[in-house]
Amino acid sequence: MKQDTKIVSLGRDKKWTKGVINPPVFRASTVVFETMDDMRHAAKHKTQGEMFYGRRGTPTHFAFQAAIAELEGGVGTALYPSGAAAISACLLSFLKSGDHLLMVDSAYEPSRDLCDKLLAGLGIETTYYDPMIGAGIAALIRPNTKVLFLESPGSLTMEVQDVPTLCRIAHEQELVVMLDNTWASPINCRPFDMGVDISIQAATKYIVGHSDVMLGTATANARCWDQLRENSYLMGQTTSPDDVYLAARGLRTLGVRMAQHQKNALKVANWLQGRPEVDHLRHPAFATCPGHEFFKRDFSAANGLFSVVLKHGDLDAITAMVENMQHFKMGFSWGGYESLILGVFGIESIRTATRWDKTKPLLRLHVGLEDADDLIADLEAGFARFNAALAR
Ligand SMILES: *Cc1c(COP(=O)(O)O)cnc(C)c1O
C-alpha cells in the first residue's frame, strides 16, 4: 500500500468498526464476561486487542493504535493524555536511579524541565549534547548511560540531527534510542528504518490537526515494546476514547493537510528569505538550517512549522508586529489548520551545550491552510509595524 492509502485505510478493521467508516467511541471501565473461560481468554489476549478492562483500551483505541504503529513502522503504539506524558512515560519506563541520560540540547522545553526537575530528583543524571554532534556522541556515553533522546528538528531552533549515525553509535553500547518525531508526524520520515527504538508523537499537533485535543503516542520496535507497554500501564496511563476518536478522524486527512501546509510554508518562507529584516531561515528545507543535508536525506517532506532569525530587533518592535496580526494568531502549540506566530526570547537560557546569539530575535511560525498570499500580506504589514517601532 502507498502511504496515502495507508493513511485512509489503516486500523479500520471490521472487528473494531462493525462496518461503519470511523471506529466509534467505545467507552468502558468494566468489561463483563459470561464464563471463566471467556475471562481467561481475555486476560491472555489483553495486549492484543481483546477487551479486558477499560484502562487497557477499547476498540476505539485499538483501531487508532494499529494505524499509528503501522504508519510509524513499529510493532506497537501506546497512548498518553498528552505529548509531554508520552515523553515522561518513555523516559521513566527505561531509566532508574543511577542511570545516565543523553538529551538533545534543542529539546522541547518541557522535556528539559522533566530532566532537570523530576529525573534529577530520582537520581537520573542528564547530559545535554549538541544536536549536530553526530559521531561525536560516542565520547559522551558512559558505562551507566541507558537512553539517547533525540528531537529532530529541534524545537524553535530547528537543527536536523544525523539520526542514523546517532542510532548506530548508541546501539554499539546497547542504549535505547528515543526520538521525539512530532515535526515529521508519522508520515514524513521512517524512524525505525533509521534505527530508532521508540518514536514519540505529540498527536496534539498534526495528527489531531484541529487544535482541540491533547494526545500523545509512543511507538516501539520489538526490542522495546513489551517494556514500554507494561511500564506505561503500571503508571496508569490511559486516554479518553472521545479524544482518540477525534485523533483517528484527524489522521484520515493528514496527508492532504501536510502537503498543503508544506506548500504554503515554502511560499511564505521564500518570501521571508528576501526580506531585509531577515538574517536567515531555520526551515529544514533551506540550506541555512543546520542539518539541512540530513533533512534532504531522511525526510520525504516538510510541513508548516519553521523559524526565522531576524538581523536585529527588540521586544517593542516584535510586540508591535505580533500583537496586531490578522491571520497569524499568538499562541503555543501548532499543527492545527490555523496560522500561528510567536516572538521567542530567552532561547539562550534553555541551551547549555550550544550557544544562542540573543541579540537576534527569533520568530516561530506555523503556516496554516489559509491562502499563502493573505499570510504574506499579514507578515508584510507586521514588518511595517516592526520597522516603525524600531525607528521610534
Ligand atoms: C507540543 C510538543 C510536545 C508536547 O505535546 P503536548 O501534547 O502539548 O504535551 C512534545 N514535543 C514536541 C516537539 C512538541 O512540539
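Conventions we followed
- Residues numbered from 1 in each chain as written.
- Predicted model: local features only at pLDDT ≥ 70, side-chain atom pairs only at ≥ 80, totals over all residues.
- Heavy atoms only, no water.
- UniProt positions renumbered as here; feature names shortened; annotations may be inferred.
- Core = buried A, V, L, I, M, F, W, Y, C linked by side-chain atoms within 4.5 Å.
- Buried < 20%, exposed > 50% of the residue type's maximum accessible area, 1.4 Å probe, protein only.
- Domains from an automatic or database assignment.
- Pairing = 2+ DSSP bridges.
- Helix = DSSP H or I, 4+ residues; strand = E, 2+ residues; numbered from the N terminus.
- Axes fitted to C-alpha atoms, helices over the stretch in contact; angles between N-to-C directions.
- Contact = heavy atoms within 4.5 Å.
- Lys, Arg positive; Asp, Glu negative; His and termini not counted.
- Salt bridge = Lys/Arg side-chain N within 4 Å of Asp/Glu carboxyl O.
- Buried area = accessible area lost by both parts, 1.4 Å probe.
- Polar contact = N/O pair within 3.5 Å; in protein donor to acceptor, adjacent residues only side chain to side chain.

For the protein, an unreviewed UniProt entry supplies the name Cystathionine beta-lyase and the organism Shewanella salipaludis. UniProt, in its Cofactor (unreviewed entry) section for the protein, records the words "pyridoxal 5'-phosphate". Recorded in UniProt for the protein, the comment headed Sequence similarities (unreviewed entry) runs: "Belongs to the trans-sulfuration enzymes family."

Enquirer: Could you give me a rundown of the nonpolar core, with the residues and numbers involved?
Expert: Of all hydrophobic cores here, the largest spans 78 residues; its most connected members are Phe64, Leu91, Leu148, Met178 and Ile198. Split by domain, the residues of this core number at least three in each of domain 1 (3-251) and domain 2 (254-391). Listed in part, the 27 residues of the second largest apolar core include Phe286, Phe328, Ile341 and Leu365.

Enquirer: An account of the sheet that holds strand β3 (residues 125-129) is needed here, citing residue identities and associated values.
Expert: Strand order in the open sheet formed by seven strands is β1-β7-β6-β5-β4-β2-β3, and the pairing between neighbours is mixed. Lying at the two open borders of the sheet, with one neighbouring strand each, are β1 (76-80) and β3. Averaged over neighbouring strand pairs, the angle between their axes works out to 20° when direction is ignored. Note: strand β2 (residues 100-104) against strand β4 (residues 145-151), four bridges, orientation parallel. Following the sheet pairing, Leu102 is matched in β4 by Leu148. In the packing of helix α5 (residues 83-94) onto the sheet, the strands contacted are β1, β2, β4, β5 (176-180), β6 (198-202) and β7 (216-220), and the crossing angle to β6 comes to about 155°. Contacting β1, β6 and β7, helix α8 (residues 225-234) runs over the sheet at an angle of about 25° to β1.

Enquirer: Explain the side chain of Asp378 residue by residue, including any values.
Expert: Considering the arrangement of structural elements, one finds Asp378 in helix α13 (residues 372-391). For Asp378, which is buried and forms no salt bridge, the nearest opposite charge comes from Arg385, at a distance of 5.3 Å. In this structure, Asp378 is in contact with Met325, Gln326, His327 and Phe328, ignoring residues within four places of it in sequence.

Enquirer: Go over the pattern of salt bridges with me, naming the residues and quoting the values.
Expert: Evaluation of the coordinates by the stated rule reveals 20 salt bridges. Where Arg282 meets Glu159, a salt bridge forms, and the shortest distance between an N and an O atom there is 3.8 Å. Taken together, the residues Arg282 in strand β8 (residues 278-282) and Glu159 in the loop between β4 and α7 (163-172) connect sequence positions 123 residues apart. Side by side, Arg282 and Glu159 carry an identical accessibility label, which is buried. Glu230 is paired through a salt bridge with Arg229; the nearest N and O atoms lie 2.9 Å apart. Looking at Glu230, the relative accessible area reads 25%, which means it is partly exposed. Residue Arg229 is classed as buried on the basis of its relative accessible area of 18%.

Enquirer: Give me the sheet that holds strand β10 (residues 329-330): which residues, what numbers.
Expert: Strand order in the open sheet made by the five strands is β8-β9-β12-β11-β10, with mixed pairing throughout. This sheet does not close on itself; its edge strands, each paired only once, are β8 and β10. Strand direction decides the pairing type here: β8 and strand β9 (residues 305-310), joined by four bridges, are antiparallel. Directly across from His280, in β9, lies its bridge partner Val309.

Enquirer: Please provide a residue-by-residue account of the domain arrangement of the protein, values included.
Expert: The domains assigned to the protein are domain 1 (3-251) and domain 2 (254-391). For domain 1 versus domain 2, the distance between C-alpha centres works out to 28 Å. The interface is formed by 43 residues belonging to domain 1 together with 40 residues belonging to domain 2. The contact between domain 1 and domain 2 buries some 3,400 Å² in all, and 61% of this surface belongs to carbon and sulfur atoms. Remark: the boundary between domain 1 and domain 2 carries two salt bridges. A salt bridge links Arg297 to Asp162; the nearest nitrogen and oxygen atoms lie 2.7 Å apart. Summed over the shared surface of domain 1 and domain 2, the number is 24 residue pairs in polar contact (both at pLDDT 80 or more).

Enquirer: Kindly report on unusual backbone geometry, identifying the contributing residues and their values.
Expert: With an omega of -5°, the peptide bond between Ser152 and Pro153 qualifies as cis. In this structure, Pro153 sits in the loop between β4 and α7. Residues other than glycine seldom take positive phi values, yet Leu156 does so here, at roughly 70°. Inspection of the secondary structure assignment puts Leu156 in the loop between β4 and α7. If you check the backbone angles, Met158 has positive phi at about 65° while not being a glycine. Counting through the fold element by element, Met158 comes out in the loop between β4 and α7.

Enquirer: Can you break down helix α12 (residues 315-322) residue by residue, with the values?
Expert: Taken residue by residue, α12 has Ala317, Ile318, Ala320, Met321 and Val322 as its buried positions. As for α12, its buried residues are in contact with β9, β10, β11 (340-344), β12 (362-366) and α13.

Enquirer: Any chance you could break down the environment of Phe332 for me, citing the residues and the numbers?
Expert: Along the chain, Phe332 turns up in the loop between β10 and β11. Along the chain, Phe332 and Gly274 lie 58 residues apart, while their C-alpha atoms are 27 Å from each other. Among all residues touching Phe332, those that are not within four sequence positions of it are Leu340 and Leu342.

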